[in-house]
Amino acid sequence: MLGSGKSPAVEVFEAAAQQRSTSIDPQHLVEMAAGRRRSLTLCTPMQMVPEIVRSLAHSNVAVYQVQLLEE
């Protein structure tokens, strides 16, 4: 859950999606860029989570919650 779903967050997630092992629904990114979404589900290795959170913090995007979803 993010404090803001605007451009800085979208840029961080777009960069993360470029990683071979990370996938994010492109429609969710469009909704986030439009300000209609403040959370999204992504598939990435656990080791990437701290880096993504640091990148969001560096872009002044508050991260309120990170939740592990298991199938």
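Residues numbered from 1 in each chain as written. Predicted model: local features only at pLDDT ≥ 70, side-chain atom pairs only at ≥ 80, totals over all residues. Heavy atoms only, no water.

**Observations regarding unusual backbone geometry**
Leaving glycine out, the prevailing phi sign among residues is negative, and the prevailing peptide bond configuration is trans. Note the threshold: Helical segments are the DSSP runs of H or I of at least four residues, strand segments are the runs of E of at least two, and each set is numbered from the N terminus.
Although it is not a glycine, N60 adopts a positive phi angle of roughly 60 degrees. Tracing the backbone shows N60 in the segment after α3 (49-58).

**Digging into the packing of helix α1 (residues 7-17) against α3**
To keep it simple, the criterion reads: Axis definition: a line fit to C-alpha positions, over the contact stretch in the case of helices; interaxial angles, taken between N-to-C directions, run 0 to 180 degrees. If an angle is under 35 degrees, it is roughly parallel; if it is over 145, roughly antiparallel; if it lies from 65 to 115, roughly perpendicular; otherwise it is oblique. Should the near helix be turned anticlockwise from the far one by less than a right angle, the crossing is termed left-handed; should it be turned clockwise, right-handed. Whether two residues are in contact is decided by their heavy atoms, any of which lying within 4.5 Å being enough. Classification used: nonpolar for Ala, Val, Leu, Ile, Met, Phe, Trp, Tyr, Cys and Pro, charged for Asp, Glu, Lys and Arg, polar for all others including Gly.
At their nearest, the axes of α1 and α3 sit 9 Å apart, and the two run at 150 degrees to each other. Taken together, the axes of α1 and α3 are roughly antiparallel relative to one another. Considering how the two elements wind past one another, α1 and α3 form a crossing that is right-handed. Where α1 approaches α3, its residues A9, V12, F13 and A16 are matched on the opposing element by I52, S55 and L56. Here the contact of α1 with α3 is built from residues that sort into six nonpolar, one polar and no charged.

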